[in-house]
Amino acid sequence: MLKRVSALAALAFAAGLLPAAPPAPESWFGHKIGADRELLDWDKVVTYFYALGKSSDKIQVTEYGRSAENRPMIVATIAAPEVLQNLAHYREIQRRLADPRITAPAEAEPMFAEGKNIVLLTCSIHATEVASTHAAVEFAYRLITEDTPHFRAILNNTILLLVPSLNPDGVDIVTEWYRKTLGTKWEGTGPPYLYQKYVGHDNNRDWYIFSQPETRATISQLHNVWHPEIVYDVHQQGPDASRMFIPPWLDPIEPNIDPILMQEMNMMGTSVASDLTSAGKPGISIHASYDFWTPSRHYQAFHGGLRILTESASSKLATPITVTPDQIAKQALGYDPREKSWNYLQPWLGGTWRLRDIIDYQEIAFESLLYNAALHREEMLRAFYRVGQDQIARTKPWGAVIARDQRDPEATRRMLKTLADGAVEIYRDPEGNAVIPFQQPYSGYAKALLERQHYPNELLYPGGPPKRPYDVTAHTLPLLFGVEAKFVEEPVTALLARANFDEAINPAGEAASDTASWISANRAWAAGGAVWRNGAGDFRFGDNPGAGWHEVKRPRIGLYQSWTANMDEGWTRWLFENIGFVFSTLHNSDIQTGGLRAKFDAIVIPDQAANSIQNGNAAGSMPPEYTGGIGEKGAAALREFANAGGTVILLNRASDYGIEHLGVKAKNVLAGVPPKDFYSPGSLLNVTVDTSSPLAFGVPREIAVWSEGSPAFETSEPGVARFPERDILASGWLLGGERIAGKTALVDARSGAGHIILFGMRPQYRAQSYLTFKLLFNALVLNT
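All values derive from a computational prediction rather than experimental measurement. Counting from 1, residues in each chain are numbered in the order their sequence is written. Totals for whole chains, interfaces and linings use all residues, but because this is a predicted model, local features are given only for residues with pLDDT of at least 70 and pairs of side-chain atoms are given and counted only at 80 or more. Each side-chain value is derived from all of the structure's non-hydrogen atoms; neither hydrogens nor water enter the calculation.

1. Quick look at the overall build of the chain
Alright, step 1. The number of helices and strands found in the chain is 23 helices and 32 strands.
Alright, step 2. With the radius of gyration taken over C-alpha atoms, the globule rule is written as 2.2 Å times the number of residues to the power 0.38. Taking 28 Å as the expected radius of gyration for a compact globule of 784 residues, we find that the chain reaches 27 Å, a close match to that expectation.
Alright, step 3. Partitioning the intrachain contacts of the chain with sequence separation of at least 6 by distance along the chain shows that 77% fall at a separation of at least 24. In this description a helix means any DSSP run of H or I spanning at least four residues, a strand means any run of E spanning at least two, and both kinds are numbered starting from the N terminus. We call two residues contacting when some pair of their heavy atoms lies within 4.5 Å.

In structure tokens, the structure reads:
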């Protein structure tokens, strides 16, 4: 049940129930921080921070937004009292240093001497990585109550923006699940559902598309207001290798990131590693495991700041584990966890590992990073300003132009709004085209998102398998949104005022099959109105337009949700809600019951391995109600549904389920192919579309689709999209492309009176692939 935390805190203040002296965490939470088998409730975390703010002049606590489930998001601003009294002044210094166009070098000099090093420290965005919220509670208390030389330097030279959790909903979701399973054989498992309403673990992949309210609040109220020099993002990793990773990062580095920032990250990371080792903490890895490529995880590095990541080894949530020497991993990316090396100087070779150990490592890292930020305050402010100078000096290319006339105006608007929300300045020229000059502080960010990526061909050894990227390899917004953008070498003159992209485009009367039309169609259905389409897929709303038009009924949609916490299901659910589609969530038993055609026109099964769909969690691995899959009974019900005129839509890897269990006459040519022979780790691939197919209404003939563990088909069924014979890669990284040359990427298989659609792609990828959204939407209404 939703806890109205801020209201409770306000009442507590008014009633004088909060203490005059900062309360120790143990007295507030009823146990020591880091105690075995104890997790925290978000309401207590929030009220505790408000209690600290009420009882100390070194901390101010502010609610800066609301989560997807309407919990408060808070930031604790911690600094010396005289600094907190003048926050607006220091924020203005940051604003001026962030934009050298408005601050001449001579004007910047006194700001270097006076300004503070701004550090944004964010915790537990991944809610099963529980330790950092605990560490934030205890470290905040220590920082404002302990009088040490390090803490005095930190308070006087930095402004710490401490976010106890970027995912408040997840804190409660995981805590409630942990308590439910405490004392059972499932103690310490993760919940069988997403720990963020829509996107689960992918909430840390949202830092340029800004789809989630938590991301939008953090960007708009913290990043773009404070322009921090450092953002320290606190995470956890698996239990069987290093005890903590910290930068330097692995290659490759996104080429638009300023080398000054990379050098500073190297400096800060190795300093923290040194302090951890000096404190007697073994198992510290650097230059390992994590590359620095995608902006989906590195917003601040494109906005003048350092991204510092630590990844601590995990316990089973708050349950201790014992790792024996033979359980230590034999190999990790960039180092051997069993051997001493230059970047892993003191191996941890087993023992008991508990929540308290993670917190100890994290608090040492917190203090070390903040103390180094205090020591290097002036140098880092100078470097911050210099990074901005480098950005505004960019001349090649001069900038980018996005023409006014585009196939999908609403997708164009949303792409431009995405850039603008990331602090990119966009102007209009007299013809109405959008113009992005690159002589601005975040030009590297704009350039990275507008250009095609050329990820290096990195193998673990010559002739060996690919070196796995930490995330994906492509982030080209024009390809994802289906928008034409071009780089220009010569200045565009006569620019008009900054453009605004906040208002959605609403077509009136008649429109092509674009994003706005689908939004309008759902609004019309919701109001009881009629929606019409013609043979080209164009829309009209209201009265019957006459010959050549047919009415499209509102599709009755079922969306399959397994008990394996599927992020792709969450992204699909977000997309349907965002566009206005009404749908029902289907679990295994809902499908197995049968009679589906009487209830649904389309059933969507998101990206998931075929075996996982069929069998689900193994018996005994989770409580019984969360085990099993669709099974043969469910497969029979889906076949019956399609034969009776329904449409089964299978996304990405789920397509194999259609081949193996629903009888689709197709072969996945990539099944069983090892990565060394074919590898597409989150890339954009070119396909040619059969635009005569109803699935392709509103989609141009040549597009790029998102490929990530995706199948490719040989089939006698109608193919709606095919890979070309050559030049398959549009952006990112592709090995072994010849294996899919000429193969089918989208299959429309007939099954009785219905359809089974195999998507060899993720058409709704992370709320980004606006161009291919329409392929999915068309499939939803295929039989209405």
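2. Brief notes about the packing of helix 6 (residues 105-114) against helix 13 (residues 377-392)
Alright, step 1. Where helix 6 contacts helix 13, the two axes come as close as 8 Å, and the packing angle between them is 150 degrees. In this structure, the crossing between helix 6 and helix 13 has a hand that is right-handed. Between helix 6, through P105, A108, E109, M111, F112, A113 and E114, and helix 13, the contact on the second element is made entirely by R377, E378, L381, R382, Y385 and Q389.
Alright, step 2. Each residue is assigned to one of three groups, with Ala, Val, Leu, Ile, Met, Phe, Trp, Tyr, Cys and Pro labelled nonpolar, Asp, Glu, Lys and Arg labelled charged, and all others, Gly among them, labelled polar. Here the contact of helix 6 with helix 13 is built from residues that sort into seven nonpolar, one polar and five charged. Each axis is a line fitted through C-alpha atoms, taken for helices only over the stretch in contact, and angles between the N-to-C directions span 0 to 180 degrees. For any helix crossing, the convention is left-handed if the near helix is rotated counterclockwise from the far helix by under a right angle, and right-handed if that rotation is clockwise.

3. Observations concerning the pattern of salt bridges
Alright, step 1. Salt bridges, as used here, are contacts in which a Lys or Arg side-chain nitrogen is within 4 Å of a carboxyl oxygen on Asp or Glu. Taken as a whole and assessed by the stated rule, the structure comprises 45 salt bridges.
Alright, step 2. Notably, a salt bridge pairs R101 with D99, separated by 2.9 Å at the nearest N-O pair.
Alright, step 3. Only protein chains enter the calculation, and the probe is 1.4 Å; a residue is then buried if its accessible area is under 20% of its type maximum, exposed if over 50%, and partly exposed in between. Residue R101 is classed as partly exposed on the basis of its relative accessible area of 36%.
Alright, step 4. Taking relative accessible area as the criterion, D99 reaches 13% and is therefore assigned buried.

4. Digging into the environment of A135
Alright, step 1. Position of A135 relative to the elements: it lies in helix 7 (residues 131-145).
Alright, step 2. In this structure, the C-alpha to C-alpha distance between A135 and C123, residues twelve residues apart in sequence, is 8.9 Å.
Alright, step 3. Each residue touching A135, except ones within four places of it in the same chain, is listed here: I359, Q362, E363 and F366.

5. Section: the sheet that holds strand 2 (residues 72-78)
Alright, step 1. Overall, mixed pairing links the eight strands, which are arranged 1-2-4-3-5-10-6-8 in an open sheet. Strand pairing shows two members of the sheet lacking a second neighbour, strand 1 (59-66) and strand 8 (284-285), which therefore form its edges.
Alright, step 2. Between any two strands, at least two bridges found by DSSP are needed for them to pair. In this sheet, strand 4 (residues 158-163) lies alongside strand 3 (residues 117-122) in parallel orientation, the contact comprising six bridges. Bridge assignment links I118 to a residue of strand 4, and that residue is I159.
Alright, step 3. Lying over the sheet, helix 3 (residues 42-55) contacts strand 1, strand 2 and strand 4, oriented at roughly 140 degrees with respect to strand 1.
Alright, step 4. Along the sheet, helix 12 (residues 355-375) makes contact with strand 3, strand 4, strand 5 (230-237), strand 6 (244-245), strand 8 and strand 10 (306-313), crossing strand 5 at roughly 165 degrees.

6. Considering the nonpolar core
Alright, step 1. Counting residues in hydrophobic clusters, the biggest one holds 210 residues, and the most contacted among them are F49, I78, L162 and I649.
Alright, step 2. Residues contacting F49, with those up to four places away along its chain left out, are I59, V61, I74, A76, A136, V137, A140, L162 and P164.
Alright, step 3. Judged by nonpolar contacts, the second largest core, of 27 residues, contains L586, L596, A610 and A637. We call a set of buried residues a nonpolar core when its members are Ala, Val, Leu, Ile, Met, Phe, Trp, Tyr or Cys and they connect through side-chain atoms within 4.5 Å of each other.

7. Some remarks on the side chain of S731
Alright, step 1. One can find S731 in strand 30 (residues 729-731).
Alright, step 2. Non-local contacts of S731, meaning those with residues more than four positions away in its chain, are made with R452, Q453, A474, T476, L479, S683 and L684.

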